[in-house]
Amino acid sequence: EQTGAIRILTPAGRIRPVPFLDLADRMADLEGDYDERGLLALAFHRSYAANGRLFVVYSAPPRANGPEWSVSTTTLSEFRVSASDPSAADPASERRLLRIDKADINHAGADLGFGPDGFLYVSLGDGGGRNDVGPGHPEIGHGQDVSTLAGSILRIDVDARGPGGRPYAIPPDNPFADGRGGARPETFAYGFRNPYRFSFDARGRLFIGDVGQDIYEEVDLVRAGGNYGWRTREGTHCTPFVGEGCRRAGPDGEPFIDPIIEYEHADVGTAVIGGFVYRGRAIPSLRGAYVFGDWSRTFGPRGEATLLAARPPPSGRGLWPHRVLSVEGGIPHFLVGIGQDEAGELYLLTRDAPGLAGDSGRIFKVIPVA
């Protein structure tokens, strides 16, 4: 839950009364009407059954000696399961791996996931505000500045220590592992605005939904060292504040990588929610398709989410054709996430208000129409 609790949902659809982990007392003060900070992501170690390690990203209060513009500290931490209760994590076991000052309440990202290579991937938004400018933003924006971590996908080795007591190591094949030009060695890919949800498919491909600003939403297929264009581009288009003469490459001449999917707000919705390549059995027509969603067609007060699917074009080149899926009764809620179980079936995580007030959160399983 965005307000700080990780809960266990039983196969019968019941929530255990005691949270698995509750970080509410370690969180920054969140805005009730609307806020994109909070408890944002959870990932269990690939050997969790043996080592009990898990990782979370959450928005802590500003650091005591942090910059004056900071409203919170994006924190990546490791916890361990309780030695006496497998249904609870040990809140005293926290080990902080990364702390990043944040200037605004939006564009926090973030997501976590272990790749097939065993490394932990972390997505981070550009820091907030409009146009990737303002207090705490570098002149060219976080998205294009590889000396900062914001607006990037990170890749770290949490099973080893780095030099100087760093609580993680840098995979030697990270594109900026040598730190050339002042680049952060954790960076795997960059040029993102608000990369909110990502997933790996069975082939090891990394899909991520990157929330747009004014006109376009996009899904990217991420590769090492890739520059995905923000704040110069939104989707495949020049951003209005940069103009039609925008360059086609980053600060060091590296070409921008086009998204695999883009759509206009007027057509579908206002904020892309990354999903999964469907591998379940309940809906055979979707097998192999990338299934994703959109938060809502409008900003409220009532949500109107959409569910979409896309497949690569026959030529294998260019944007993937996508379609809005027909959902019986529609989705009259705000979509905040998509989940997947061990069988590959999909779940929609929703709420009925754009902000954090109330307890309207629901989890729906996606099933075929009778």
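As a starting point, this report considers the structure included with it. Residue numbers here run from 1 along each chain, matching the order of that chain's written sequence. Local features in this predicted model are restricted to residues of pLDDT 70 or higher, and side-chain atom pairs are both shown and tallied only at a pLDDT of 80 or more, whereas totals for entire chains, interfaces and linings draw on every residue. Where side-chain values are given, they derive from all heavy atoms of the structure, hydrogens and water being excluded.

**Focus: the overall build of the chain**
- Across its full length, the chain carries 1 helix and 23 strands.
- Radius of gyration here uses only the C-alpha atoms, and the compact-globule reference equals 2.2 Å multiplied by the residue count raised to the power 0.38. By the compact-globule yardstick of 21 Å for 370 residues, the chain fits well, its C-alpha radius of gyration being 20 Å.
- Principal-axis analysis of the C-alpha atoms gives the chain an extent of 55 × 50 × 40 Å.
- Relative accessibility under 20% of the residue-type maximum defines a buried residue, over 50% an exposed one, and the middle range a partly exposed one, all with a 1.4 Å probe and only protein chains included. Looking at the 370 residues of the chain, the share that counts as buried comes to 55%.
- Should any heavy atoms of two residues lie within 4.5 Å, those residues are considered in contact. Taking the contacts inside the chain whose residues are at least 6 apart along the sequence as the reference set, 55% of them involve residues at least 24 apart. Only DSSP runs of H or I with at least four residues qualify as helices, and only runs of E with at least two residues qualify as strands; both kinds are numbered from the N terminus onward.

**Structural notes on a nonpolar patch on the surface**
- Patch membership requires more than 30% relative accessible area and the absence of a salt bridge. Residues of like charge join within 9 Å; the nonpolar side chains Val, Leu, Ile, Met, Phe, Trp and Tyr join within 5 Å. Surface exposure here means Shrake-Rupley accessible area, sampled with a 1.4 Å probe, where a residue is shielded only by the protein chains that are shown. What counts as a salt bridge is simple: a side-chain nitrogen of Lys or Arg found within 4 Å of a carboxyl oxygen of Asp or Glu. Residues Leu9, Ile15, Leu349 and Ile363 make up a contiguous nonpolar surface patch of roughly 350 Å² in combined accessible area.
- Locating Leu9 in the fold gives a position in the loop between strand S1 (5-6) and strand S2 (21-22).

**As for the state of the cysteines**
- Disulfides are defined as cysteine sulfur pairs within 2.5 Å. Per the stated rule, a full pass over the model turns up 1 disulfide.
- Paired through a disulfide, Cys238 and Cys246 show a sulfur-sulfur distance of 2.1 Å. Disulfide Cys238-Cys246: torsion about the S-S bond near -65 degrees, hence left-handed.
- Given a relative accessible area of 18%, Cys238 falls into the buried group.

**With respect to the sheet that holds strand S16 (residues 261-264)**
- What the 4 strands build is an open sheet, ordered S11-S12-S13-S16; its pairing is antiparallel. Edge positions in the sheet fall to strand S11 (195-200) and S16, since each has one partner strand and no second. For this sheet the average axis-to-axis angle between neighbouring strands, irrespective of direction, equals 15 degrees.
- Pairing between strands is defined by DSSP: at least two bridges between them are needed. For S11 and strand S12 (residues 206-210), the ladder comprises 5 bridges, and the chain directions are antiparallel. Bridge pairing links Phe198 to Ile208 in S12. Note on method: axes are straight lines fitted to C-alpha atoms, helices fitted across the in-contact stretch only, with angles between N-to-C directions ranging 0 to 180 degrees.

**Quick word on the pairing of strand S17 (residues 272-277)**
- Of all 6 residues in S17, 6 are buried; the element is thus mostly enclosed.
- In this sheet, strand S18 (residues 290-294) lies alongside S17 in antiparallel orientation, the contact comprising 4 bridges. Bridge pairing in S18 places Phe276 opposite Val291.

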